[in-house]
Amino acid sequence: MSKNVKVIFDRKNQASKTGTGKIDIRIYLKEGERKFETVGKATIEDCDAVNNI
């Protein structure tokens, strides 16, 4: 069984309102089943800096 994992910033689009957004990990477990785990919070600038590396 193959698992696909992706890091997502601000999946609920709250960063523009509050200034910070959650960092989530999306894990596909099996056909049609996925799980989201929150691993932290960050500002938009912090995530942009990480994506530019």
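Analysis parameters
- Residues numbered from 1 in each chain as written.
- Predicted model: local features only at pLDDT ≥ 70, side-chain atom pairs only at ≥ 80, totals over all residues.
- Heavy atoms only, no water.
- Pairing = 2+ DSSP bridges.
- Helix = DSSP H or I, 4+ residues; strand = E, 2+ residues; numbered from the N terminus.
- Axes fitted to C-alpha atoms, helices over the stretch in contact; angles between N-to-C directions.
- Polar contact = N/O pair within 3.5 Å; in protein donor to acceptor, adjacent residues only side chain to side chain.
- Contact = heavy atoms within 4.5 Å.

**A short note on the sheet that holds strand S1 (residues 4-9)**
Thinking step 1. Strand order in the open sheet formed by three strands is S1-S2-S3, with antiparallel pairing between adjacent strands. Edge strands, defined here as strands with exactly one partner in the open sheet, are S1 and strand S3 (33-43). With direction set aside, neighbouring strand axes in the sheet form an average angle of 20 degrees.
Thinking step 2. In this structure, S1 lies alongside strand S2 (residues 20-30), joined through six bridges in antiparallel fashion. Looking across to S2, one finds that valine 5 is bridged to isoleucine 27.

**Some thoughts on the side chain of aspartate 24**
Thinking step 1. Inspection of the secondary structure puts aspartate 24 in strand S2.
Thinking step 2. A polar side-chain atom of aspartate 24 sits 3.0 Å from a polar atom in the side chain of arginine 11.
Thinking step 3. Apart from the residues within four sequence positions on either side, aspartate 24 is in contact with Lys6, Val7, Ile8, Arg11, Glu37 and Thr38.

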